[in-house]
Amino acid sequence: MHTFKLYLEFIKIRIVSHIEYRKMFLFWFFAQWIAYGVQLLLIWVMVHRFQDIQGWKPFEVVLLYALSLNSYALAGFFFYNPCTQLSHLVRTGEFDEILTRPLNPFLYLVSREFNFGYITHVVLAVPVTVVSFVMLDIPFTFTNILMLLLILIGGALIQGAVFLFTSVPAFWIVDSNGMQNVLFQFRDFANYPLSIYHKSIQILLTFVIPFAFINFYPAQFFLGKQDFSVFHPAFQFMTPLVGLVMFALALWFWHFGINRYKSTGS
Amino acid sequence: MGTYLLFLQKSFQQKFVYRTSAYIYLLSTCLRVFIMVNVWTALYAGRDSINGVSLMDMLNFIVISAIVSALTQTRMGDKIAAKVVDGTIAVDFLRPIRFKYFVYADQLGENLYQVLLNALPVCILAALIYGFEMPADPLMLSLFIVCLFFGILIIFSINYIVGLISFWSKAAHPTSWFLLTAVTLFGGTFVPIWFYPDILREVTLFLPFRLIYFEPINIYLGRVTPSEAMSIIVIQLAWLVVLWLVERFMWSKIQTKLTVQGG
């Protein structure tokens, strides 16, 4: 319990140092907010002009995007910095220093490298989710709100697991940042309904890189849709489970990597 | 001229050093094109044409835009800002060269590399899979090339001006984010302006961004008459004059006020 407080303290320090330069922070915040906002607006414009995409209405697609952005931000807070910097930490030998601390290296890294910048995504995605709910006449019942929270947590675990999976090769002195970028480009698939893609892509995004569970399947719970193609409608409830399994596997892989880690000696 | 060609060549060669990142770029361009083709095909399902644009036009747009976006990408604003912040700008000022042309040559070398080793292979692949049409009229093709050339000059000028702002602010600003966002929204790089609601489309007419990317492709696809294409090019030239005046004005201020912090 005591060490838990310590991790929270690390996160607090990160947030304080992030907003220290207030003007710069706000400037960056605004720049990113507008950039994502414009992308959302244009997706709406595009689908609106065509009325629908594979039976999905403009605001239904906007909801998909918002769910994806929200869970990405939740994962990004904790995992973006540690995972993108791991190969750098290994190369410079800084990672050895982390191992000598009397703390769990994973939790230490995650809290020390907390990235408060993702607040931008949250401040965009949360209102957009609420607006989509209103525009789509989805009532804010207890069940819906609980479902939404579970989906976001499950989605964040999936995104976090992908961060971890792609960073672990850094322990074998493989620069994994490129691979990470490609995998995160796969997130773009999830900005649109999965059913527009070929079956092989649908299978890939369901069973291999399960981004479809972040938004496509669970969104259908709110929308009362039946767009599951070859998959089972029960998939709409499975996001938290998939998230937990993926994240557990990723943690196991992380420990596997750390146990085989040999310092670069620098 | 020869000096600047050498700078261009150097920045082109520099990109060759990072072989793995080249493959990764290639893969990510493939993914982007693939996703967009899927999205537009799904949007067009059961519809012949929307606003007079057919699916084939749209697929052509995606393929050709891979090349145009490789040619019109710029990082020079960020690069200039970084040089101002760490003081290395002083070294560039000591060199007996025109700073602007050096920056342009450096960027163009990078862009040509992206075209040859990234956009072109993806285009050829996409053209083989999805089909692709060249403009039948050689006149339109040459107008496209002229329009594209001026489009590149426009985005380079804008980004250069954005970079010059850092001489006043002395900090790396997220200005390039704003610029990229403006190009996406008013330049029709993500969703072509054909599909914009009227208000947004009218706003784009007053800004230079649509002249960078959207209008050259419009000419390529033969969606304008040759005389309309000519007037687009005239508007481009007018914008280039305006941007040139702004840049000259800023530059004259900079030469008397440049202070280098440390270095």
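In every chain, residue numbers begin from 1 and rise along the written sequence. Chain letters and ligand numbers both follow the written order, the letters beginning at A and the numbers at 1. The model is predicted, so local features are restricted to residues of pLDDT at least 70 and side-chain atom pairs to those at 80 or more, both for listing and for counting; the totals for chains, interfaces and linings are taken over all residues. Hydrogen atoms and water are omitted, and side-chain values are computed over all heavy atoms in the structure.

Q: Please clarify how the overall build of chain A should be interpreted in this entry.
A: By definition, any uninterrupted DSSP run of H or I lasting at least four residues is a helix, any uninterrupted run of E lasting at least two residues is a strand, and each is numbered from the N terminus. Within chain A one finds 11 helices and zero strands. Each helix and strand of chain A, ordered N terminal to C terminal, gives the series α-α-α-α-α-α-α-α-α-α-α. Radius of gyration: over C-alpha atoms. The globule rule applied is 2.2 Å multiplied by the number of residues raised to the 0.38 power. Radius of gyration (C-alpha) of chain A: 19 Å, near the 18 Å computed for a compact globule of 266 residues. Throughout this description, buried means an accessible area under 20% of the type-specific maximum (1.4 Å probe, protein chains only), exposed means over 50%, and partly exposed covers the range between. For chain A, the proportion of its 266 residues judged to be buried stands at 55%. In what follows, residue pairs with any heavy atoms lying within 4.5 Å of each other are defined as contacts. A separation threshold of at least 6 residues defines the contact pool for chain A, and within that pool the share at least 24 residues apart is 75%. For the area figures, the Shrake-Rupley method with a 1.4 Å probe applies, and any residue is considered shielded solely by the protein chains shown. For chain A, the accessible area works out to roughly 12,100 Å², and carbon and sulfur atoms hold 69% of it. Chain A carries 15 positive and 12 negative side-chain charges, and their two centres are separated by 2 Å. When charges are counted, Lys and Arg are positive and Asp and Glu negative, with His and the chain ends excluded. Charged groups are reduced to one reference atom each: NZ for lysine, CZ for arginine, CG for aspartic acid, CD for glutamic acid.

Q: When you look at the UniProt feature "transmembrane region" (unreviewed entry) in chain B in this model, what are you seeing that I'm missing?
A: All names here are of chain B. When the UniProt feature table is mapped onto this chain, "transmembrane region" (unreviewed entry) is found at residues 21–43, 49–71, 112–132, 138–165, 177–196 and 229–246. End C-alpha atoms of residues 21–43 are separated by 33 Å, and the span's content is 100% helix alongside 0% strand. End C-alpha to end C-alpha, residues 112–132 measures 22 Å, and it is 90% helix and 0% strand. UniProt positions are given in the numbering used here, feature names are shortened, and annotations may be inferred rather than shown by experiment.

Q: Explanation requested: helix H2 (residues 22–50) of chain A in the structure shown.
A: Side chains three or four residues apart in an α-helix point the same way, a direct result of the helix having 3.6 residues per turn. In this scheme, a helix's expected span is set at 1.5 Å multiplied by one less than its residue total. Taking 1.5 Å as the rise per residue, H2 of chain A with 29 residues should run 42 Å; its terminal C-alpha atoms sit 42 Å apart, in good agreement. One or two residues past the end of H2 of chain A sits glutamine 51 of chain A, with phi positive at roughly 75°.

Q: Explanation requested: the packing of helix H7 (residues 142–167) of chain A against helix H11 (residues 239–259) of chain A in the structure shown.
A: Relative orientation and spacing of two packed helices are given, respectively, by the angle between their axes and the distance between those axes. All names here are of chain A. Interaxial angle, 0 to 180 degrees, is taken between N-to-C directions of lines fitted to C-alpha atoms, where a helix line uses only the stretch in contact. Between H7 and H11, the least distance of the axes is 8 Å, while the angle of their chain directions is 25°. As judged from the angle between their axes, H7 and H11 are roughly parallel. The hand of the H7/H11 crossing is left-handed. Across from Leu150, Ile151, Gly154, Gly155, Leu157, Ile158, Gly160, Ala161, Val162, Leu164 and Phe165 in H7, the residues of H11 making contact are Thr239, Pro240, Val242, Gly243, Leu244, Met246, Phe247, Leu249, Ala250, Leu251, Phe253 and Trp254. Of the residues that constitute the contact of H7 with H11, the class distribution is 18 nonpolar, five polar and no charged. Roughly parallel here means an angle under 35 degrees, roughly antiparallel means over 145, roughly perpendicular means 65 to 115, and every remaining angle is called oblique. Take the far helix as your reference; a near helix turned counterclockwise from it by less than a right angle gives a left-handed crossing, and one turned clockwise gives a right-handed crossing. For this classification, Asp, Glu, Lys and Arg are treated as charged, while Ala, Val, Leu, Ile, Met, Phe, Trp, Tyr, Cys and Pro are nonpolar and the rest, including Gly, are polar.

Q: It is not clear to me how the interface of chain A and chain B should be interpreted in this structure. Could you clarify?
A: Note on interface size: it is often stated as the accessible area lost on association of the parts. Taken residue by residue, the interface counts 34 residues in chain A and 31 residues in chain B. The buried area of a pairing is the accessible area, by a 1.4 Å probe, that goes missing from both parts when the two are put together, added over both. When residues of chain A are sorted by the area they lose upon contact with chain B, Leu42, Arg49 and Phe50 of chain A head the list and together hold 24% of the total. Criterion for a salt bridge: a side-chain nitrogen of Lys or Arg within 4 Å of a carboxyl oxygen of Asp or Glu. Where chain A meets chain B, there are one salt bridge. A salt bridge links arginine 47 of chain B to aspartate 52 of chain A; its shortest N-O distance comes to 3.0 Å. The term polar contact refers here to a pair of N or O atoms within 3.5 Å; inside protein, the definition further demands a hydrogen-donor-capable atom paired with an acceptor-capable atom, and it admits residues adjacent in sequence only when both atoms are side-chain atoms. Linking chain A to chain B there are five residue pairs in polar contact (both at pLDDT 80 or more).

Q: So what exactly am I meant to see when it comes to the pattern of salt bridges here?
A: Between side chains of opposite charge, pairing is possible as soon as their charged atoms come close. All names here are of chain B. Enumeration over the complete set of coordinates arrives at 16 salt bridges over all chains. For arginine 75, the salt bridge identified is with glutamate 110, shortest N-O distance 3.1 Å. Here the residue arginine 75 occupies a position in the loop between helix H3 (55–72) and helix H4 (76–86), and glutamate 110 occupies one in helix H6 (residues 99–130), the gap between them amounting to 35 residues. One salt bridge connects lysine 79 with glutamate 110, and the closest N-O pair in it is separated by 3.3 Å. Pair noted here: lysine 79 is in helix H4 and glutamate 110 is in helix H6, with a separation of 31 residues, a long-range link. Judged by its relative accessible area of 5%, glutamate 110 falls in the buried class. Through salt bridges that share partners, Arg75, Lys79, Asp106 and Glu110 make up one connected network.

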